[in-house]
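Coordinate analysis (summary)
Spelled out, the chains give:
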Amino acid sequence: MTERFNEQLNEWKNQVKKTNERFPERKEQFVNKSDIEIDPLYYPKEDQVDEKYSEKIGFPGQYPFTRGIQPSMYRNRFWTMRQYAGFGSAEETNKRFRYLLEQGQTGLSVAFDLPTQIGYDSDDPMSEGEVGKVGVAIDSLEDMETLLEGIPLDQVSTSMTINAPASVLLCMYIAVAEKQGVPKEKVTGTIQNDILKEYIARGTYIYPPKPSMRLITNIFEYCANEVPKFNTISISGYHIREAGSTAVQEVAFTLANGMAYVDAAIESGLAVDQFAPRLAFFFNAHNNFFEEAAKFRAARRIWAKMMKEKYQAQNEKSWRLRFHTQTGGSTLTAQQPDNNIVRVALQALSAVLGGTQSLHTNSRDEALALPTEESARIALRTQQIIAHESGVADTVDPLAGSYYVEKMTDEVEKEVMEYLDRIEEMGGAVQAVEEGYMQREIHQTAYETQKKIESQEEIIVGMNEFKIEEEVHEDLLRVDEQLEQTQVNQVKNIRQIRDQSQVDEQLSKLKQAAQKSDENLMPYILDCVKSYATVGEICHVLRDEFGEYTGM
Amino acid sequence: MERKIRVLIAKPGLDGHDRGALVIAQALRDHGMEVIYTGLRQSPAQIAQAAIQEDVDVVGLSSLSGGHKTLFPKVVEALKEKGAEDIPVIGGGVIPDEDIDYLLEQGLQKIFTPGTPTTETVDFIKSCVSGDSNE
């Protein structure tokens, strides 16, 4: 028993040494305000160790990664501060991106408008009223060039919240990078590309599950060979939680979806270690502080076990659950919106103590509108205060060994496993989604929550208790209503000036490729994009071939 | 027997956030109403058509994407075109205070913003219906 512990400990020390040679620690010495030195990691003394510690908790950077995926976590580098942003035109969003980078943000995260996310051009009748509202409108490569102008794609990593048309936007990103002289082997970032949670909770699906899963595995395969540093999927619990689920349901349904992608990729002929290291996750952080921190630790442990034992992955990178966190949008109140700053700070802290790789902190005014520049800055400052002032990043996984947190981590794991067994009995996540199982579970929890709030069994400060007479909220961000027309004109213009015969030829090649189920569509989509075919045109070709999903 | 109040809950436009719509639908059912939920991505014309076909007493619209200023009035317009302007239309979602007056001018009966107890919506629908019906 102590033998195993000592082995783990020695291995950890070696790992730390190696890591520090490559990326030195942030400071030469970590001390607190009383000048007490802070160790990189605290762990039990040899004579206090039991089997459980080595088995379930272990050391950071080691299986099952309960304490984190890297040996010394934020001692070397803070999490990536990645604020999700985008609204209106590509030009306006480009300005916001540059502002955030100047303010010390370390990665980009693009929000697209709904027409882009559902594969309609801005001049499509379906797009009316939605152009540029919840994100930036992208029709053709021209818009993407504007969006990323002046941003060095060899230095900045970009996360794109795009699902059904993920292949199209990824190809646009690759094309812009190439124009900047950055080869696709070098670009880094993430596409969300998680269609199952769209059917469950978020709603931006286009095609039925089967062809959607094909597009996803096409991306896995293409990127494994051509874009090796890009995260090909961000398997998301965030929206499941926002739709009303509990923390346990969030992890359970996300990991069930994750297994479905792994199954699909293996079925398409890929080896698990070929794609699994590029799988990423995306979780929510809500208000129940210790429950949230425990949730992240449990998720890591379950996934590691799953990948190692069930899928027999050999590469350690395949075992590591890397995740982005966003604070909980549905926990924000429209009443007394400044209170939301405090909620966000607590939620962000739970994500940091849970070992997140990157973080988005919501803005105080998001229950009312998209954030203003000032609100977005306060949200970023919240992360910077946690990083630079609170000291919580100076030692790894400081909550480990807490009776409460360890017990809660075990409990979350146990309950998640029960759900995973149930979903497996149903035939897996795709089947469960098609039967509406997860949707029903989530809806039931959402309704229970609403009833608890109305009966004041749950107190929401400023909303159902501690209320004040509200003043009208001024100073909200408004998306220019003229933008839609400008964008419509722009896409019409690009159709005039591009070489139409090129576009027709590339679209027709894509159509033929789509008809052959063993053809990888990525190279064809890349050619379409480079000919300035639009998101809508490309998605319409695939709609004709694959059909449309019309909901449950 | 007294006829149950019939309500159409609809999601106009491309917005996929349906937690609020589903919770409201459930709450109205718990208060004895019959609720028809359209599902996502409905055009104003489709919503008006469904309202008439289902012979509803009230239409409830939900949008969290910022498209309400364009889409909500279009539903009122579509109902009018089909001669069904007597069906009251209410709305909810992430809607800034300053848009509410505009929407009321455009013929919406009431806008409910985040934090509204479902009982308030129930009471409003009941008062809407009892005001113009002796069934």
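The rules behind these values
Residues numbered from 1 in each chain as written. Chains lettered and ligands numbered in written order. Predicted model: local features only at pLDDT ≥ 70, side-chain atom pairs only at ≥ 80, totals over all residues. Helix = DSSP H or I, 4+ residues; strand = E, 2+ residues; numbered from the N terminus. Rg over C-alpha atoms; globule rule 2.2 N^0.38 Å. Buried ≥ 20, exposed ≤ 12 C-beta atoms within 10 Å, placed from the backbone. Pairing = 2+ DSSP bridges. Axes fitted to C-alpha atoms, helices over the stretch in contact; angles between N-to-C directions. Contact = placed C-beta atoms within 7 Å. Nonpolar A, V, L, I, M, F, W, Y, C, P; charged D, E, K, R; others polar. Right-handed = clockwise from strand over helix to strand, strands pointing away. Core = buried A, V, L, I, M, F, W, Y, C linked by C-beta atoms within 7 Å. pLDDT = per-residue confidence, 0-100. Parallel < 35°, antiparallel > 145°, perpendicular 65-115°, else oblique. Expected span 1.5 Å × (residues − 1).

Now for the overall build of chain B. What chain B contains, in helices and strands, is 5 helices and 5 strands. The N-to-C order of helical and strand elements in chain B reads β-α-β-α-β-α-β-α-β-α. Taken against the 2.2 N^0.38 rule, which gives 14 Å for 135 residues, the C-alpha radius of gyration of chain B at 13 Å falls within 12% of a compact globule. With the principal axes as the frame, chain B shows a C-alpha extent of 40 × 35 × 25 Å. The 135 residues of chain B split such that 52% are buried.

Right, let's get into the overall build of chain A. When you go through chain A residue by residue, the secondary structure sums to 22 helices and 10 strands. What you see for chain A is a C-alpha radius of gyration of 23 Å, in line with the 24 Å of a compact globule of 552 residues. Split into buried and exposed, the 552 residues of chain A put 53% on the buried side.

Residues and elements named next belong to chain B. Ordered in space as β2-β1-β3-β4-β5, the 5 strands form an open sheet in which the pairing is parallel. Looking at which strands have only one partner, the edges of the open sheet turn out to be β2 (34-37) and β5 (110-112). The sheet shows a mean angle of 20° between the axes of neighbouring strands, taken without regard to direction.

Turning our attention to the environment of D544(A). Along the chain, D544(A) falls in helix α22 (residues 535-546). Measuring from C-alpha to C-alpha, the distance between D544(A) and A514(A) comes to 9.9 Å, with 30 residues separating the pair along the chain.

So, on to the interface of chain A and chain B. Contact residues are listed per partner, giving 31 residues for chain A and 25 residues for chain B. Those elements that place two or more of their residues in the side of chain A that touches chain B are α4 (114-117) and α18 (437-454) of chain A. Among the elements that make up the side of chain A that touches chain B, the one with the highest residue count is α18(A) (5 residues). Class assignment for the residues of the side of chain A that touches chain B results in 16 nonpolar, 10 polar and 5 charged.

Our focus in this paragraph is the pairing of strand β1 (residues 6-10) of chain B. Residues and elements named next belong to chain B. Burial runs high along β1: 4 of the 5 residues are buried. Sheet analysis places β1 next to β2, joined by 4 bridges and oriented parallel. Residue pairing across strands places R6 opposite E34, the latter belonging to β2. Sheet topology places β1 next to strand β3 (residues 58-63); 4 bridges connect them, and they run parallel. Opposite A10, over in β3, you have L61 as the bridge partner.

Quick look at the sheet that holds strand β1 (residues 80-81) of chain A now. Residues and elements named next belong to chain A. If you walk across this open sheet you meet the 5 strands as β1-β10-β9-β8-β7, and the pairing is parallel. Of all the strands in the sheet, the pair left with one neighbour each is β1 and β7 (233-236). Two strands pair when backbone bridges link them, and strand β9 (residues 323-327) and strand β10 (residues 358-360) are joined in this way by 3 bridges, in the parallel orientation. Bridging from a neighbouring strand, Q326 pairs with H360 of β10. The strands touched by helix α10 (residues 247-267) within the sheet are β7 and β8 (279-285), with β7 carrying the most contacts at an inclination of about 145°.

Attention shifts here to the pairing of β9(A). All names here are of chain A. Most of β9 sits inside the fold, with 5 of its 5 residues counted as buried. Taking every second residue as pointing to the same face, both faces of β9 are buried, with F323, T325 and T327 on one and H324 and Q326 on the other. Where β8 and β9 come together, 5 bridges link them in parallel fashion. When the sheet's bridge partners are listed, A285 is paired in β9 with T327. Traced from β9 through helix α14 (residues 339-353) to β10, the parallel crossover comes out right-handed.

Right, let's get into the nonpolar core. Judged by nonpolar contacts, the single largest core of 194 residues is most densely connected at L169(A), I525(A), I538(A), V7(B), V59(B) and V75(B). Looking at this core element by element, the count peaks at 13 residues for α10(A). Contact partners of L169(A), with chain neighbours within four places excluded, come to I138(A), M160(A), I162(A) and I191(A).

On to the confidence of the model for chain B, then. On average, residues of chain B score 93 in pLDDT, and 96% of them are at 70 or above. Helix α5 (residues 118-131) of chain B is the least confidently modelled element of chain B, averaging 93 in pLDDT, while β1(B) averages 98, the highest of any element.

What follows is about the packing of helix α8 (residues 209-226) of chain A against α10(A). Residues and elements named next belong to chain A. The interhelical angle for the contact between α8 and α10, taken along N-to-C directions, is 70°, at an axis separation of 10 Å. On the basis of their axis angle, the class for α8 and α10 is roughly perpendicular. Contact with α8, carried on its side by M213, I216, T217 and F220, involves Y261, A264 and A265 of α10 and no other residues of that element. Looking at side-chain class alone, the contact of α8 with α10 contains 6 nonpolar, 1 polar and no charged residues.

Residues and elements named next belong to chain A. With 14 residues, helix α6 (residues 166-179) should cover 20 Å at 1.5 Å per step; its first-to-last C-alpha distance of 20 Å lies within 8% of that length. Most of α6 sits out of view: 11 of its 14 residues are buried. Taken residue by residue, α6 has A166, S167, V168, L169, L170, C171, M172, Y173, I174, V176 and A177 as its buried positions. The inward-facing, buried residues of α6 contact α5 (141-147), β4 (158-161), β5 (189-191), α8, α21 (522-530) and α22. G181 sits one or two positions beyond α6 and adopts a positive phi of about 85°.

What follows is about the environment of A50(B). Residues and elements named next belong to chain B. Relative to the helices and strands, A50 resides in helix α2 (residues 44-53). Given 16 C-beta atoms within a 10 Å radius, A50 is considered partly exposed. C-alpha separation for the pair A50 and I36, spaced 14 residues apart in sequence, amounts to 9.1 Å. Leave out the neighbours within four places in its chain, and A50 touches L8 and T38.

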